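# Structural features, examined
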Amino acid sequence: MEQLKTIGRELAMGSQGGFGQSKEFLDLVKSIGEARSKAEEDRIVLSEIDILKRRLLEPDVPKRKMKEYIIRLVYIEMLGHDASFGYIHAVKMTHDDNLLLKRTGYLAVTLFLNEDHDLIILIVNTIQKDLRSDNYLVVCAALNAICRLINEETIPAVLPQVVDLLNHQKEAVRKKAIMALHRFHRKSPSSVSHLISNFRKRLCDNDPGVMGATLCPLFDLISEDVTSYKDLVSSFVSILKQVTEKRLPKSYDYHQMPAPFIQIKLLKIMALLGSGDKNASDIMSMVLGDLFRKCDSSTNIGNAILYECIRCISCILPNPKLLEAAADAISKFLKSDSHNLKYMGIDGLGRLIKISPDIAEQHQLAVIDCLEDPDDTLKRKTFELLYKMTKSSNVEVIVDRMIDYMISINDNHYKTEIASRCVELAEQFAPSNQWFIQTMNKVFEHAGDLVNIKVAHNLMRLIAEGFGEDDDDADSKLRLSAVESYLQLISEPKLPSLFLQVISWVLGEYGTADGKYSASYISGKLCDVADAYSSDETVKGYAVSALMKIYAFEIASGRKVDVLPECQSLIEELLASHSTDLQQRAYELQALLALDARAVETIIPLDASCEDIEVDKDLSFLNGYIQQAIESGAQPYISERERSGMFETTDYHSQDHHEVPSHALRFEAYELPKPSVPPQASTELVPVPEPSYYSESHQPISTSLVSERESSEIKLRLDGVKQKWGRPSYQSTTSSSSTPTQQAANGTTTHSDGGAGSSSSKPRSSYESRESKKPEIDPEKQRLAASLFGGSSSKTDRKLSSGGHKPAKGTVNKPATVPKENPTPVQPPPDLLDLGEPTATTVTTMDPFKELEGLMDSSSQDGGSTDVMGLYSDAAPVTTATSVDSLLSELSDSSKGNSRTYQSQTSKGPNSKEALEKDALVRQMGVNPTSQNPTLFKDLLG
C-alpha cells in the first residue's frame, strides 16, 4: 500500500508539471524542443552527455537523482545518441527493492539493450527473483522485460516460472505470461511445443484481455497448421458473436465499437480456418452477416472491421448474400472522398473479382476515376486491379493505359513491373499480330534496358514458335509484321541495347524468309547497327550472328552471295578485335563464306531456331575411342575429387584398419604398438608409423639397374646396405645365409640390417618403421601420385623391381656375383656404434676395418670402383681406398655432412663425429679394438 501511495504522489507531482524531476531536466527538454537546427540539437545533447558522464561517476549518488539520470539517458538515446556509458547503472537499478526504481530500471534496459547484449546475463537472476515476487506489479515488470530481452539461450532459465504464472490470480499477470510464451514460440518453437495446450485453455479465460492476448499466438499456430485447429471454429464464432452483442465490459469499447481489435484478429483466424472448408464457411456465414449490418461505416474503426470482413469472405467458400453485402460495402468505399477508403475499395474489389468477375462491371466508372486520381499510390493499386480484370475484350485499353502511365513515371522499379505486366497481357490476350508487335515495340522503346532479359527471350521464342497453332500462314504474317516494324525502328537515333538484340535476331532469322527484302538490304541495315553502336559488344555480336545466318541461307539456297564493302570492313575490323567473342564470330563468318551449300545447310539449317537439340551429357559417343586409347596404354581419367585429394589415403593404416574420411572426427583410441612380422618383398613403398623391432640380415645388392636409377635422378635410398659406421636407421629386413667373409671373397657389397634379433636391442627410427611394412597401394592412387609429382607408373615399377632396394651410387656396372646359399645360419656381426645395453649374443672378434679393406680390394681386383662413402653422402665416388687414414677422413667428412640428419634419426648413442675421432685415435695407436679388448674399445668410445 505504501508503494501505491508513493506512485500516487509521483503522479500528483507530475500533474503539477515535472513528475518530481529537477529544473535542470525540464530546461533540457525545453531547449531541445526550441532548437532550430539539427546541429544546435546535437550541441545541446553532447553537452548533456558530458554532464551525465561526470555525475554518474560521483560517489553516493542519491537514488532519486540516479533515477532522473537514467531517464535523461533514455531521452538522449531516443534522440539517436550513444548512452552506453550509463547502461550498467540501468541494470543496477533493476536490482533495487523500491518499486518505482525497479520499474524505471526495467524500462531503461528494455530500451537500451537487445537480446544479444552482453549485459543480459546480469539481469537474468533478477528476473527470476522478481517472477516469484508477491507484488504483481513487480512480476509484470519482469514479464515485460522477458518479452523484450530473453533470447533462445536464456529461455529455459525462466520458462517454468512463466508457465506457473498462467494460473496467477491477477489477469494482468496471466496476460503478460501469455505474451511471454508467444515470444518464446517465435524465438524457439521447440522450447514451448509441449505447452501449446495452454493457449487453448487460456482461450476460455474469464478475462477478455487474457482471451484477446491468446488470439495472437493461436493465429501464428493456425497459420502453420490449419488442420490441427479445425475444432476451434465454433469457439471462435461464439466469441465473435459475444463481442458483437456487446457482452464485454465497456472498457473494451473503442469509438462505440465493442473490442474492435479482438474482432479483427478473430476475422483473420476465421479466414484461415474457413478456406476450402464448406462446413466451417457455413458456420461463419451468420456472424459475418451480422457484422455487415452492425458495423458503423461513419468511423474509421468501423470501416476497418468491414474491410476485414471483405477479406474473410474472399477467403472462405462463396455465399451469394455475403458477396452482395461485400459489394455494397465496396461501393461505399469507392464513392467516398477519402483516398484511404478508395484504396480499401480497390483492394477489396480485386479480391472479389477472383470469385465473381461480374462485380467489377458495376464499378467501372469508379475505377476509371481512380485511374485519374493524382494520388500515385491509389493509381498503382488501380492498375493492379485492371491487371486482374484484363480479358480479350478490354486488353487494348488496359495495356495502352499502363504504357502511358509507364512513360510518365520515373520509378525504375515500378516501371520494370509495369513493363513485364504489359508483355504478359499482350502475350495472353493479343487481338492481332499487328497490335502485339506494336505493343512490344512500345514497351522496349520506352522501358529500355529496364525490361527483364527474360521478356526479350520470351518475345523471340514467341515469334519463332508462333501462337501455338498449326496455321503456318498466321505465323508467317507475324514474322513479316515484326520484320517490317523493326526495319522502320532501326533507323531511330537511340534504341535500348536489349531491343537492338531482339531486332538483330529477328532480322537474321526472318529478314529474307518471304523474299520481300534482299539479303544485301538486310545485311546493310545490320552493318549500320554495328557501326552505330560500336561500343556495345553484345549488340555487335548479335549483328554478326545475324549476318552469318543471312549469308548461310543465301548459300544454302544456291544464290550467289555479294558481301557489301561495309560488311567486309566490319569483318576485317572484328578479326583484330580485343574481344575474343567478336573475333570468334568474325572468323566463323569468314570460314562459312568459303563452304559449299550442303555444308552450310547442315551447319545452319533454315528456320530451326526452335528445334530441340539433344545433348549427350555423358558423351557416350566417345566410349569406343576411350576404350581403344586405354588398351593402347593411355591413363584413365582421374576425377576432380581425387585430384583435389578428397579421398584419404591408407598410407598410415594397416590393412585391417577401417578408413576414416579426412574431414571426419575420430573418436577411437590409439592402438598399442604391435611387433612387426618380417614382410614379404613388395614393389610398393608405403610408410607405416608403428615402431617395431627387427633382426639384422644380409642380402646382396643387385647392380643390374644402376643406369636406370641414375637416369631417374631420385635420391639414394640406403636401406639394405650393411652399415658399420653410418646411420643405423637405413637397414633392411630381409635375411641371407651368406657370411660377410663369403661376400667379401666374392667381391660384392652387401646389405645388412641391425635389430634386436642380432646384437642390439635399440628401436627403429620412424624411417625404418615405414620401410619395414609395405601394404598394398591402390593402382589408381599410384597413378594420381605419378601425375602430381611428375613421375610415371612405369618408373615406379622399374624402381621397385629389385625387391624394394635401390642400387648404390657407386655400384659397378659388372654384374654382381650372387653368393651361394649356406644352410647353416650364421650370426651377423654387431653394430659397433650400438652402445646400448649388452645382449646375450656372442660378439665376434672380426676387425671391421680389415673387412672394409678386403671389400675394397676385391672391388679393385674386379676392375670396378666401388664407392663405399657414396652410400652415405652426395660427394663424388671414390675409386680407391688403400689407406685406413684416408678412409677415416672420408668417414669423418661424411659424418659432418650428415650430422644434422643423423642426430634427428638416431634414438640413442654418442655423437657419431666423436666416435669416429676416437676410432681413428685407436687405429693410429695400432690397437685392434675388437680382437684384443672389446671392452676397452667401448670404454674409449663411451
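Computed from a prediction, not measured in an experiment: that's the story for all the values here.

## A few points about the overall build of the protein
For the protein, the helix and strand inventory stands at 43 helices and four strands. Within the span of the protein, comprising 942 residues, buried residues form 45% of the whole. Element-wise, carbon and sulfur atoms account for 51% of the exposed surface of the protein, whose accessible area totals about 50700 Å².

## Concerning the side chain of Lys 381
Checked against the element boundaries, Lys 381 lands in helix 20 (residues 376–389). The residues contacting Lys 381, other than those within four sequence positions of it, are Tyr 343, Ile 346 and Asp 347.

## Examining helix 28 (residues 537–556)
Look at helix 28: 28 Å from first C-alpha to last across 20 residues, which is about the 28 Å you get at 1.5 Å a residue. Within helix 28, 16 of the 20 residues are buried, leaving the element largely enclosed by the surrounding structure. A distance of 3.2 Å separates the backbone nitrogen of Thr 538 from a side-chain oxygen at the start of helix 28, and that oxygen is part of Asp 536. Once helix 28 ends, the next one or two residues include Gly 558, with phi positive near 90°.

## A look at the packing of aromatic side chains
For the structure on display, the rule yields nine aromatic pairs. Taken together, a centroid distance of 5.9 Å and an interplanar angle of 50° make the contact between Tyr 254 and Phe 261 tilted. Classification of Tyr 254 as partly exposed rests on a relative accessible area of 39%. For the pair Tyr 486 and Phe 499, a centre-to-centre distance of 5.7 Å together with 80° between the ring planes defines the contact as edge-to-face.

## Comments concerning a negative patch on the surface
Taken together, the side chains of Asp 528, Asp 531, Glu 566 and Glu 573 make up a negatively charged region of the molecular surface. Among the secondary structure elements, those contributing two or more residues to the negative patch are helix 27 (519–532) and helix 29 (565–575). Following the sequence through the fold, Asp 528 ends up in helix 27. On the basis of relative accessible area, Asp 528 is assigned to the partly exposed category, the value being 45%.

## Considering a nonpolar patch on the surface
Nonpolar side chains collect at one region of the surface, where Leu 619, Phe 621, Leu 622, Tyr 625, Ile 626 and Ile 630 lie side by side and expose about 600 Å² of accessible area between them. As for its position among the elements, Ile 626 is in helix 32 (residues 623–631). For Ile 626, a relative accessible area of 44% puts it in the partly exposed group.

## Some points on unusual backbone geometry
Even without a glycine there, the phi angle at His 255 is positive, about 55°. When you line up the elements, His 255 lands in the loop between strand 1 (253–254) and strand 2 (257–258). Even without being a glycine, Gln 256 presents a positive backbone phi close to 65°. Along the chain, Gln 256 turns up in the loop between strand 1 and strand 2. Judged by its relative accessible area of 68%, Gln 256 falls in the exposed class.

## Some remarks on the side chain of Thr 299
Looking at the secondary structure, you find Thr 299 in the loop between helix 15 (278–294) and helix 16 (300–315). Exposure remark for Thr 299: the relative accessible area of 19% places this residue in the buried category. Engagement of the side chain of Thr 299 in a polar contact is seen with the backbone oxygen of Asp 296, the distance being 3.4 Å.

## Comments concerning the pattern of salt bridges
Taken as a whole and assessed by the stated rule, the structure comprises 32 salt bridges. With a shortest N-O distance of 3.5 Å, Glu 384 and Lys 381 are connected by a salt bridge. You can see Glu 384 and its partner Lys 381 sitting in helix 20, three residues apart, about one turn around the helix. A relative accessible area of 24% places Glu 384 in the partly exposed class. Measuring nitrogen to oxygen at the nearest pair gives 2.9 Å for the salt bridge that ties Glu 417 to Arg 421. Taken together, the positions of Glu 417 and Arg 421, both in helix 22 (residues 412–429) and four residues apart, correspond to about one turn of that helix. Relative accessible area serves as the criterion here: at 14%, Arg 421 is assigned to the buried category. Through salt bridges with shared partners, a single ionic network connects Glu 24, Glu 48, Arg 55, Glu 68 and Arg 72.

## What to know about the nonpolar core
Judged by nonpolar contacts, the single largest core of 203 residues is most densely connected at Ile 127, Leu 131, Ile 146, Phe 184, Phe 236, Leu 288 and Phe 444. In terms of residue count, the dominant contributor to this core is helix 28 (eleven residues). When near neighbours in sequence (up to four residues on either side) are disregarded, Phe 184 contacts Ile 146, Ile 150, Ile 155, Val 158, Leu 159, Val 162, Pro 189, Ser 191 and Val 192.

## Comments concerning the packing of helix 10 (residues 171–187) against helix 12 (residues 208–224)
Relative orientation of the contacting elements helix 10 and helix 12 amounts to 15°, with a least axis distance of 8 Å. As judged from the angle between their axes, helix 10 and helix 12 are roughly parallel. In terms of crossing hand, the pair formed by helix 10 and helix 12 is left-handed. Touching Glu 171, Arg 174, Lys 175, Ile 178, His 182, His 185 and Arg 186 of helix 10 are Gly 209, Val 210, Ala 213, Thr 214, Cys 216, Pro 217, Asp 220, Leu 221 and Glu 224, all from helix 12. Of the residues assigned to the contact of helix 10 with helix 12, the class counts are six nonpolar, four polar and six charged.

## What about helix 22?
Since there are 3.6 residues in each turn of an α-helix, residues three or four apart along the chain are aligned in direction. The end-to-end C-alpha distance of helix 22 is 26 Å, a good match for the 26 Å that 18 residues give at a rise of 1.5 Å each. Tyr 414, Lys 415, Ile 418, Ala 419, Arg 421, Cys 422, Val 423, Leu 425 and Ala 426 are the residues of helix 22 that are buried. Buried residues along helix 22 sit against helix 20, helix 21 (395–408), helix 23 (433–447) and helix 24 (453–465). Where helix 22 begins, one side-chain oxygen reaches toward the backbone nitrogen of His 413, 3.2 Å away; that side chain belongs to Asp 411.

## Describing the environment of Asp 404
Among the structural elements, Asp 404 can be located in helix 21. Expressed as a C-alpha distance, the spacing of Asp 404 and His 446, which sit 42 residues apart in the sequence, is 9.8 Å.

## Focus: the confidence of the model for the protein
Residue-level pLDDT values for the protein average 75, and 66% of them are 70 or greater. Within the model, pLDDT remains below 50 along residues 927–942, and this stretch shows 22 contacts once partners closer than five positions in the same chain are excluded.

## A look at the environment of Ser 336
Along the chain, the position of Ser 336 falls in the loop between helix 17 (320–335) and helix 18 (339–353). Judged by relative accessible area, Ser 336 falls into the buried class, the value being 16%. Ignoring any residue separated from it by four or fewer positions in sequence, one finds Ser 336 in contact with Leu 341 and Lys 342.

## A look at the packing of helix 20 against helix 21
Taken N-terminus to C-terminus, the directions of helix 20 and helix 21 make an angle of 150°; their axes are 11 Å apart at the nearest point. Taken together, the axis directions place helix 20 and helix 21 in an arrangement best described as roughly antiparallel. Note on packing geometry: the crossing formed by helix 20 with helix 21 is left-handed. Contacts between helix 20 and helix 21 involve Asp 376, Lys 379, Arg 380, Phe 383 and Leu 386 from the first element and Ile 398, Arg 401, Met 402 and Tyr 405 from the second. For the contact of helix 20 with helix 21, the residue count by class is five nonpolar, no polar and four charged.

## A short note on the state of the cysteines
Going through the model one piece at a time under the given rule, you end up with zero disulfides. Cys 295 takes part in no disulfide bond, and the closest cysteine sulfur, belonging to Cys 309, lies 5.4 Å away.

Rules used throughout
Residues numbered from 1 in each chain as written. Predicted model: local features only at pLDDT ≥ 70, side-chain atom pairs only at ≥ 80, totals over all residues. Heavy atoms only, no water. Helix = DSSP H or I, 4+ residues; strand = E, 2+ residues; numbered from the N terminus. Buried < 20%, exposed > 50% of the residue type's maximum accessible area, 1.4 Å probe, protein only. Areas by Shrake-Rupley, 256 points an atom, 1.4 Å probe, with all protein chains shown as cover. Contact = heavy atoms within 4.5 Å. Expected span 1.5 Å × (residues − 1). Polar contact = N/O pair within 3.5 Å; in protein donor to acceptor, adjacent residues only side chain to side chain. Phe/Tyr/Trp six-rings, centres within 6.5 Å; stacked < 30°, edge-to-face > 60°. Patch = residues over 30% accessible without salt bridge, like charges linked within 9 Å, V, L, I, M, F, W, Y side chains within 5 Å. Salt bridge = Lys/Arg side-chain N within 4 Å of Asp/Glu carboxyl O. Lys, Arg positive; Asp, Glu negative; His and termini not counted. Charge placed at Lys NZ, Arg CZ, Asp CG, Glu CD. Core = buried A, V, L, I, M, F, W, Y, C linked by side-chain atoms within 4.5 Å. Axes fitted to C-alpha atoms, helices over the stretch in contact; angles between N-to-C directions. Parallel < 35°, antiparallel > 145°, perpendicular 65-115°, else oblique. Left-handed = near helix turned anticlockwise from the far one by under 90°. Nonpolar A, V, L, I, M, F, W, Y, C, P; charged D, E, K, R; others polar. pLDDT = per-residue confidence, 0-100. Disulfide = S-S within 2.5 Å.

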